[in-house]
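Overview (structure and organization)
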Amino acid sequence: MERRDYLLRQIEALGRILSRLRELIVGGATAEADSQIREEMRNVGLDLAMANALDSATLLMLLGSPVLDARRAFAAATLLHMDALRARADGDESRAARSVTNALALLQAAKPLLDGERADLATKIIDELRATSPAT
């Protein structure tokens, strides 16, 4: 029961972060959103520029060779999703495409390893990424 409560608190905290980032992006504060995405990505243990520069396979390997750290991959993927939204709002379609590609790869790899609530959220984000990306 305590573990489930802890996981729910983590999901809620991530949800608040993502909600705040969406508000910033929709409100046109993309520079502030970029700064916060970078900070949150550092909290996950990655540099946003590096995460965007790597191909999906290398990024997956970095997040858990030989066993994927599913929660870390999930957090990084959701932040890459926000980075794609931010990049698209700034007119940087190539950056958005890289973020979408890596977010999808991380979510698809992590989803089978996630608990119910996170797996459900991963499915929703995957669907959103596919719906908003012409390349997928």
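Residues numbered from 1 in each chain as written. Predicted model: local features only at pLDDT ≥ 70, side-chain atom pairs only at ≥ 80, totals over all residues. Heavy atoms only, no water.

With that settled, consider the nonpolar core. Core analysis: the largest hydrophobic core is formed by 40 residues, its most contacted members being Met 41, Leu 63, Leu 80, Leu 106 and Leu 107. Sorting the residues of this core by element identifies helix H1 (2-26), helix H2 (30-44), helix H3 (48-53), helix H5 (70-89), helix H6 (93-110) and helix H7 (116-132) as the ones contributing at least two each. A per-element tally of this core places H5 first, with 12 residues. Setting aside residues no more than four positions away along its own chain, Leu 80 makes contact with Met 41, Leu 48, Ala 51, Asn 52, Leu 59, Ser 99, Asn 102, Ala 103 and Leu 106. (Core = buried A, V, L, I, M, F, W, Y, C linked by side-chain atoms within 4.5 Å. Buried < 20%, exposed > 50% of the residue type's maximum accessible area, 1.4 Å probe, protein only. Helix = DSSP H or I, 4+ residues; strand = E, 2+ residues; numbered from the N terminus. Contact = heavy atoms within 4.5 Å.)

Turning next to H7. Given a rise of 1.5 Å per residue, 17 residues ought to cover 24 Å, and the 24 Å separating the end C-alpha atoms of H7 matches this to within 8%. Among all positions in H7, only Arg 118, Ala 119, Ala 122, Ile 125, Ile 126 and Leu 129 are buried. All buried residues of H7 project into a common sector of 125° when viewed along the axis, lining one side. Seen from the buried face of H7, the exposed residues on the opposite side, beyond 90 degrees, are Lys 124 and Ala 131. Of the residues flanking the start of H7, the one acting as N-cap is Asp 115, its side-chain oxygen 3.3 Å from the backbone nitrogen of Glu 117. (Expected span 1.5 Å × (residues − 1). Arc of directions from axis to C-beta. Polar contact = N/O pair within 3.5 Å; in protein donor to acceptor, adjacent residues only side chain to side chain.)

With that settled, the discussion passes to the packing of H6 against H7. Two quantities define a packed helix pair, namely the angle between the helix axes and the distance between the axes. Running from N to C, H6 and H7 cross one another at 150°; their axes reach a closest spacing of 10 Å. With respect to their mutual orientation, H6 and H7 come out roughly antiparallel. Here the hand of the crossing between H6 and H7 comes out left-handed. From H6, Val 100, Ala 103, Leu 104, Leu 107 and Gln 108 reach across to H7, where they touch Ala 122, Ile 125, Ile 126, Leu 129 and Arg 130. Split into classes, the residues belonging to the contact of H6 with H7 amount to eight nonpolar, one polar and one charged. (Axes fitted to C-alpha atoms, helices over the stretch in contact; angles between N-to-C directions. Parallel < 35°, antiparallel > 145°, perpendicular 65-115°, else oblique. Left-handed = near helix turned anticlockwise from the far one by under 90°. Nonpolar A, V, L, I, M, F, W, Y, C, P; charged D, E, K, R; others polar.)

A word on the environment of Thr 132. Structurally, Thr 132 can be placed in helix H7. Overall, the relative accessible area of 35% leaves Thr 132 in the partly exposed class. Along the backbone, Thr 132 and Ala 49 are 83 residues apart, and their C-alpha atoms lie at a distance of 22 Å. Among the polar contacts listed, one links the side chain of Thr 132 to the backbone oxygen of Glu 128, at a separation of 3.0 Å.

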